[in-house]
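What follows is the residue order along each chain.
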2 protein chains.
Amino acid sequence: MNAPFSASAGMSMLPHPYLLFLGDTEQAGFAKTAFGLRDWAADKCVGELRLTDATVSTGLTAMSPAEARSRGARAMVIGVANQGGVIPPAWRASLVEALEAGLDLIAGMHMRLADLPEVAAAAKRLGRRLHDVRVPPANIPVASGRKRSGKRLLTVGTDCALGKKYTALALAGAFAERGIDVDFRATGQTGIMISGGGIPMDAVVSDFEAGAAEILSPDAAPDHWDVIEGQGSLIHPAYAAVSLGLLHGSQPDVFVVCHEPGRTHMLGTAGYRLLPVQEIVDLTIALGRRTNPSIRCGGFSFNTSALDADAAEDLMARESERLGLPVADPVRGGPAFDALVASCLA
Amino acid sequence: MNAPFSASAGMSMLPHPYLLFLGDTEQAGFAKTAFGLRDWAADKCVGELRLTDATVSTGLTAMSPAEARSRGARAMVIGVANQGGVIPPAWRASLVEALEAGLDLIAGMHMRLADLPEVAAAAKRLGRRLHDVRVPPANIPVASGRKRSGKRLLTVGTDCALGKKYTALALAGAFAERGIDVDFRATGQTGIMISGGGIPMDAVVSDFEAGAAEILSPDAAPDHWDVIEGQGSLIHPAYAAVSLGLLHGSQPDVFVVCHEPGRTHMLGTAGYRLLPVQEIVDLTIALGRRTNPSIRCGGFSFNTSALDADAAEDLMARESERLGLPVADPVRGGPAFDALVASCLA
């Protein structure tokens, strides 16, 4: 799939191709940065590095930093987005090894590479650079709430890590294929690494959260679309503040609800069940109409990777009938996805 | 009125009494820090300093920093909380003058005193201290969503600057007068200056907003109450992220909706009308039940300072009848406020 990436300043400064580092991460949901780069920036990835046999894999060739360097890699990317954005001590020897092999490091964690003494010292000694992507711009304004020109679509979700970025990238690509003037707007570290621009919304001070969303998608031509990557969920007990600031500041005309059928509990948060997608629609409209009274749901994006093709198609057809809007899996594409695109643009 | 202040580390380290600095602020709503200190920490305030005749006044004696120092003042407090938390250039000569007069400076702005070169240089030269209250603690965790022991009340609002802090202080005081074990939990700079502890919630990175609210009101005895100062409004186009993170992390059993009758538009945000209080009740329950399924509205706190006593009493009686819950103005007190307290404790 293709998506319109305004490959600009940020990205062109990031050295690539990449070696994808997975640490000892055993839950695929936490390795979404690596999977996102594999799927949306495959030409920039030469291989992967895992610390244990139980670690998740992207399917790319396993290699050491030295092997990656010999195959042209210029940086190792930490391909994991764990809770709290920490870089565990067990990973740090590998980070230093990558620097010693001649690679820069790229990370999108709350914890910054530059704040790890052994990593910072090695980078300085070796003349390598540390790229912390999860640093928001300076001087973000307080949101004004002013209605901006142009059209906007935001992906929202029933939880974290179930397809909000994928859906936004796929929709932006489909819009572009239909000749529409569109920009993908990245709000997380992976999207920023893929597209070369954006704002890491979860790293913004909360008083400026909606203001950051406002500058992320500025005034545009009346028929221009910004397709904005969603974050978290309005029902997530830890991250809903991010989701609401992004919703208010994005003032979307259309939103798409992303969901993973079969996921019963929220990732990494004990005891919290997911809620029905219709509740997410209702909450998003109740809150989003504050900054855009004409907000509407364009449909649903289901991550059906756990189902076979027939079961997925059957489920999505039934849910579309029940919900009265298109339901599609952007990874599977097909007529259902075309219907979702058409509904968003209607 | 009295409120239970666990006067602790933070406060005892702030030098007082204070000279209250109002700059050139002409809207009373932005001077809430000065008014809050006058009303809730009167014994710590010796006077005020205004830059123009049009500047709002606390009614305290006007005096220069040197006069304040001669009357025992030990610090000048910036008594203003403007949009964005900036310290305008026009104020800075007065800040330096205060340092030269022998006063420390205390501020709760996003912009830090220590980041103003002329102020930092003067403080260093004169051996004075700069106290930036709006700095959150380090290492705030991601929220767990775990239900904590003890009881919690949160004040919420239809807008900023209409009585959420006052209401929380008054309710905490009333609880204490009834023999209840209670703590007031401050979430903004003024509350922190008054009570000596708390977390400046609007300065917390959004990914940790709910986590900050969780550590603000930790596990407690089953019959202990935390009365938590609300921030912003779920319908505020700039600050709703703060409000939602605070709501989720506070997991209140009871909330009180604060409102100023007659205010038609949101403070400092052009074009946004306030919404009916019942909509705030509905939104707060729809979102708050995520972390506390038994959340309920205890009643309404009206800021009736623009009305005479009869008109205020009449309005509150009618609104209480219409809404089916107590409506009171904590500044006026009386039976209506007793009813609100009883409803919260029911």
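What you are looking at is a predicted structure, and each value in this text was computed from that prediction instead of being measured.

Now for the domain arrangement of chain A. All names here are of chain A. Examined at the domain level, chain A breaks down into domain 1 (9-132) and domain 2 (151-345). Each of domain 1 and domain 2 has a C-alpha centre, and the two are 27 Å apart. The interface of domain 1 with domain 2 comprises 22 residues on the first partner and 18 residues on the second. Contact between domain 1 and domain 2 buries roughly 1,600 Å² in total, counting both sides, with carbon and sulfur atoms accounting for 61%. Our count for the contact surface shared by domain 1 and domain 2 stands at 0 salt bridges. Run the count over domain 1 and domain 2 and you get 4 residue pairs in polar contact (both at pLDDT 80 or more). Going through the elements one at a time, α1 (9-13), α2 (32-40) and β4 (104-107) are the ones with two or more residues in the side of domain 1 that touches domain 2. By residue number, the principal contributor to the side of domain 1 that touches domain 2 is α2, which donates 7 residues.

Mapping chain B onto chain A calls for a screw motion: a turn of 180° about the axis and a shift of 0.0 Å along it, with 0.0 Å RMSD after fitting. Considering both components of the superposition, the chain copies are consistent with a two-fold axis. Of the residues that chain B buries at the interface, 100% are likewise interface residues in chain A, meaning the two copies contact each other through the same surface.

Let us look at the packing of aromatic side chains. All names here are of chain A. Counting across every chain of the model gives 6 aromatic pairs over all chains. When the ring of F175 is compared with that of W225, the centres are 5.5 Å apart and the planes differ by 75°; the resulting orientation is edge-to-face. Placement of the pair is F175 in helix α6 (residues 164-177) and W225 in strand β8 (residues 225-228), with a sequence separation of 50 residues. In this structure, F175 and W225 share a single accessibility class: buried.

All names here are of chain B. At a minimum axis separation of 10 Å, helix α9 (residues 240-250) and helix α10 (residues 277-288) run at an interaxial angle of 55°. With respect to α10, the axis of α9 lies oblique. When the axes of α9 and α10 are compared, the crossing they make is right-handed. Contacts between α9 and α10 involve L244, L247 and H248 on the former and, on the latter, T284, L287 and G288.

Hydrogen bonds between backbone groups are what pair the strands of a sheet, and the pairing can be parallel or antiparallel. Residues and elements named next belong to chain A. Strand order in the open sheet made by the 5 strands is β2-β1-β3-β4-β5, with parallel pairing throughout. In this open sheet, the two edge strands, each paired with only one partner strand, are β2 (45-50) and β5 (130-132). On average, each strand axis in the sheet is tilted by 20° relative to the strand beside it, whichever way the strands run. Bridge count for β4 against β5 is 3 bridges, and the pairing is parallel. What sits directly across from I106, in β5, is H131. Sheet contacts for α2: β1 (18-23), β2 and β3 (75-78); angle to β1, the most-contacted strand, approximately 150°. Taken strand by strand, helix α4 (residues 92-100) contacts β1, β3, β4 and β5, and its axis lies near 160° from that of β3.

With 43 residues of chain B in contact, the opposing surface of chain A contributes 43 residues. Buried area between chain B and chain A, summed over both chains or domains, comes out near 3,200 Å², and the portion from carbon and sulfur atoms is 56%. When the buried surface of chain B facing chain A is broken down by residue, S206, D207 and R290 of chain B rank first, second and third, together holding 23% of it. Linking chain B to chain A there are 2 salt bridges. In this structure, R134 of chain A engages D207 of chain B in a salt bridge whose closest nitrogen and oxygen atoms are separated by 3.5 Å. For the pair chain B and chain A, the number of links is 16 residue pairs in polar contact (both at pLDDT 80 or more). At the level of secondary structure, the elements contributing two or more residues to the side of chain B that touches chain A comprise α8 (209-216), α9 and α10 of chain B. With 6 residues, α9 of chain B is the largest single contributor of residues to the side of chain B that touches chain A. Tallied by class, the residues present in the side of chain B that touches chain A amount to 24 nonpolar, 11 polar and 8 charged.

Conventions and cut-offs
- Residues numbered from 1 in each chain as written.
- Chains lettered and ligands numbered in written order.
- Predicted model: local features only at pLDDT ≥ 70, side-chain atom pairs only at ≥ 80, totals over all residues.
- Heavy atoms only, no water.
- Domains from an automatic or database assignment.
- Contact = heavy atoms within 4.5 Å.
- Buried area = accessible area lost by both parts, 1.4 Å probe.
- Salt bridge = Lys/Arg side-chain N within 4 Å of Asp/Glu carboxyl O.
- Polar contact = N/O pair within 3.5 Å; in protein donor to acceptor, adjacent residues only side chain to side chain.
- Helix = DSSP H or I, 4+ residues; strand = E, 2+ residues; numbered from the N terminus.
- Least-squares fit on C-alpha atoms with pLDDT ≥ 70 in both.
- Phe/Tyr/Trp six-rings, centres within 6.5 Å; stacked < 30°, edge-to-face > 60°.
- Buried < 20%, exposed > 50% of the residue type's maximum accessible area, 1.4 Å probe, protein only.
- Axes fitted to C-alpha atoms, helices over the stretch in contact; angles between N-to-C directions.
- Parallel < 35°, antiparallel > 145°, perpendicular 65-115°, else oblique.
- Left-handed = near helix turned anticlockwise from the far one by under 90°.
- Pairing = 2+ DSSP bridges.
- Nonpolar A, V, L, I, M, F, W, Y, C, P; charged D, E, K, R; others polar.

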